[in-house]
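The lines below spell out each chain.
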Amino acid sequence: EHVFYQALNLFQIMYLHSLQIVSTSIERMTLLSLVSSAWLFRHRFPVNKFSDNYSKTGGSSSFIIRHMYRIKKYQYLLYKHALFHGLNLTAFANAPKLDMFVSSISFRLFWWGLNSSYVMEFFLQTLVRRRFMSQQFLLLLQVVLMSASTLAALPVLIEINPMFIVTSFALNFVRRHHDFSNTIGLATLYLLYSLLVRVRVESSIVN
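These figures come from a predicted structure and were not determined experimentally. (Residues numbered from 1 in each chain as written. Predicted model: local features only at pLDDT ≥ 70, side-chain atom pairs only at ≥ 80, totals over all residues. Heavy atoms only, no water.)

1. Structural notes on the overall build of the protein chain
Convention followed: Elements are defined by DSSP. Helices are runs of H or I of four residues or more, strands are runs of E of two residues or more, and each kind is numbered from the N terminus. Buried means the residue's accessible area, taken with a 1.4 Å probe over protein chains only, is under 20% of the maximum for its type, while exposed means over 50%, and partly exposed covers the values in between. Contacts are assigned to residue pairs that have any heavy atoms within 4.5 Å of one another. Surface accessibility follows the Shrake-Rupley procedure with a 1.4 Å probe radius. Residue values consider only the protein chains on display as shielding.
A count of helices and strands for the protein chain gives nine helices and zero strands. Its helices and strands in sequence order give the protein chain the pattern α-α-α-α-α-α-α-α-α, from N to C terminus. Expressed as lengths along the three principal axes of its C-alpha atoms, the size of the protein chain is roughly 75 × 35 × 25 Å. Out of the 207 residues belonging to the protein chain, those deemed buried represent 38%. Put simply, of all contacts in the protein chain between residues at least 6 apart along the chain, 78% involve residues at least 24 apart. Only carbon and sulfur atoms are counted for the fraction: they give 67% of the accessible area of the protein chain, which is about 12600 Å².

Pasting the structure below:
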């Protein structure tokens, strides 16, 4: 699972930078298809459900641990539909303005925080399993990581088209496990809408 999401981060940053050197809608759609196609292979990697941790009681589970995992689930949904699909679609729609955004300090801080969170998350869990760290200290560090990464993501979230976030999140319920076709479908609808708007503008100018 860790390998999948680290690879996803690598593909996304390659996609964002590659968008800056293409010019046509077909090229942008091709790049979006490539980065989104990673989700076609998600089922080949382990899946650790958050609900398995916040639903169980007894043993090492506690009120704080259960609620931490519930918050982590919400944070994951924010990442998936806003900072991955939403960001990719916004970049697809606004490629000419992308260079300044990706090169900004706020985006670099967000990217550093995202990757650090992934690395530390799995590394710390390994330390707990090997009994080099207590579960309580892990929770404390996770609170720090979650808070820092969320704060770093706020300036990036402001730049993302909220319509892409909302529709991606809604499609997660209507067409679950279809991230690739959902994303490409939204990108296609955006292109059709843009074409319609351009035709109407040109028609009004002629008239």
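Let's pick the thread back up.
2. Things to note about helix H2 (residues 25–36)
Three- or four-residue spacings in an α-helix give side chains the same orientation, since the helix completes a turn every 3.6 residues. Here is the rule: Here the expected span of a helix is defined as 1.5 Å times the quantity of residues minus one.
Over its twelve residues, H2 runs 16 Å from end to end, which matches the ideal 16 Å to within 8%, given 1.5 Å per residue. Residues Arg-28, Met-29, Leu-31, Leu-32, Ser-33, Val-35 and Ser-36 constitute the buried set of H2.

3. A short note on the confidence of the model for the protein chain
This is how it is decided: Each residue carries a pLDDT score, the predictor's own confidence in it, on a scale running from 0 to 100.
Mean pLDDT for the protein chain: 86, with 92% of residues reaching 70 or above. Predicted confidence in the protein chain is weakest over helix H3 (residues 51–54), with a mean pLDDT of 58, and strongest over H2, with 96.

4. Some remarks on the packing of aromatic side chains
Rule in force here: Aromatic rings from Phe, Tyr and Trp, taking only the six-membered ring of Trp, are treated as a pair when their centres fall within 6.5 Å; an angle between ring planes under 30 degrees marks them as stacked, one over 60 as edge-to-face, and anything in between as tilted.
In this structure the tally under the stated criterion is 15 aromatic pairs. Aromatic pair Phe-4 and Tyr-5: ring centres 5.0 Å apart, planes at 85°, arrangement edge-to-face. Each member of the pair, Phe-4 as well as Tyr-5, carries the same accessibility label: buried. Ring geometry for Phe-169 versus Phe-173: centroids 5.0 Å apart, planes at 80°, classification edge-to-face.

5. Notes on the side chain of Asn-182
Note that Asn-182 resides in helix H9 (residues 179–206). Judged by relative accessible area, Asn-182 falls into the buried class, the value being 9%. Look past the residues within four positions of Asn-182 in its chain and what remains in contact with it is Leu-171 and Arg-175.

6. Overview of the nonpolar core
Condition: Nonpolar cores are built from buried Ala, Val, Leu, Ile, Met, Phe, Trp, Tyr and Cys residues. Side-chain atoms within 4.5 Å join them into one set.
Within the largest apolar cluster, 38 residues are counted, with the highest numbers of intra-cluster contacts made by Tyr-15, Leu-83, Phe-107 and Phe-110. Elements that contribute at least two residues to this core include exactly helix H1 (2–18), H2, helix H4 (63–93), helix H5 (98–102), helix H6 (105–129), helix H7 (135–159) and H9. Ranked by the residues each element gives to this core, the list is headed by H4, at nine residues.

7. Details of the packing of H2 against H9
For the record, the criterion: With axes taken as lines fitted to C-alpha atoms, and helix axes fitted only over the stretch in contact, angles between N-to-C directions fall between 0 and 180 degrees. We call two directions roughly parallel when the angle between them is under 35 degrees, roughly antiparallel when it is over 145, roughly perpendicular when it lies between 65 and 115, and oblique otherwise. Crossings are assigned a handedness: left-handed for a near helix turned anticlockwise from the far helix by less than a right angle, right-handed for a clockwise turn. In this classification, Asp, Glu, Lys and Arg are treated as charged, Ala, Val, Leu, Ile, Met, Phe, Trp, Tyr, Cys and Pro as nonpolar, and every other residue, Gly included, as polar.
At their nearest, the axes of H2 and H9 sit 9 Å apart, and the two run at 160° to each other. What the angle tells us is that H2 and H9 run roughly antiparallel. Seen along the crossing, H2 lies across H9 with a hand that is right-handed. The segment H2 lies against H9, with Ser-25, Met-29, Leu-32, Ser-33 and Ser-36 engaging Phe-180, Thr-183, Ile-184, Ala-187, Thr-188 and Leu-191. Classifying every residue of the contact of H2 with H9 gives six nonpolar, five polar and no charged.

8. Considerations on unusual backbone geometry
Notably, Arg-131 is not glycine yet its phi reads approximately 65°, a positive angle. Secondary-structure assignment places Arg-131 in the loop between H6 and H7. Residue Arg-131 is classed as exposed on the basis of its relative accessible area, which comes to 75%.

9. Remarks on the pattern of salt bridges
This is how it is decided: Salt bridges are counted wherever a side-chain nitrogen of Lys or Arg sits within 4 Å of a carboxyl oxygen of Asp or Glu.
What the rule picks out here adds up to one salt bridge. Between Asp-179 and Lys-80 there is a salt bridge, and its shortest N-O distance comes to 3.3 Å. One end of the pair, Asp-179, is in helix H9; the other, Lys-80, is in helix H4, and 99 residues separate them in sequence. Looking at Lys-80, the relative accessible area reads 9%, which means it is buried.

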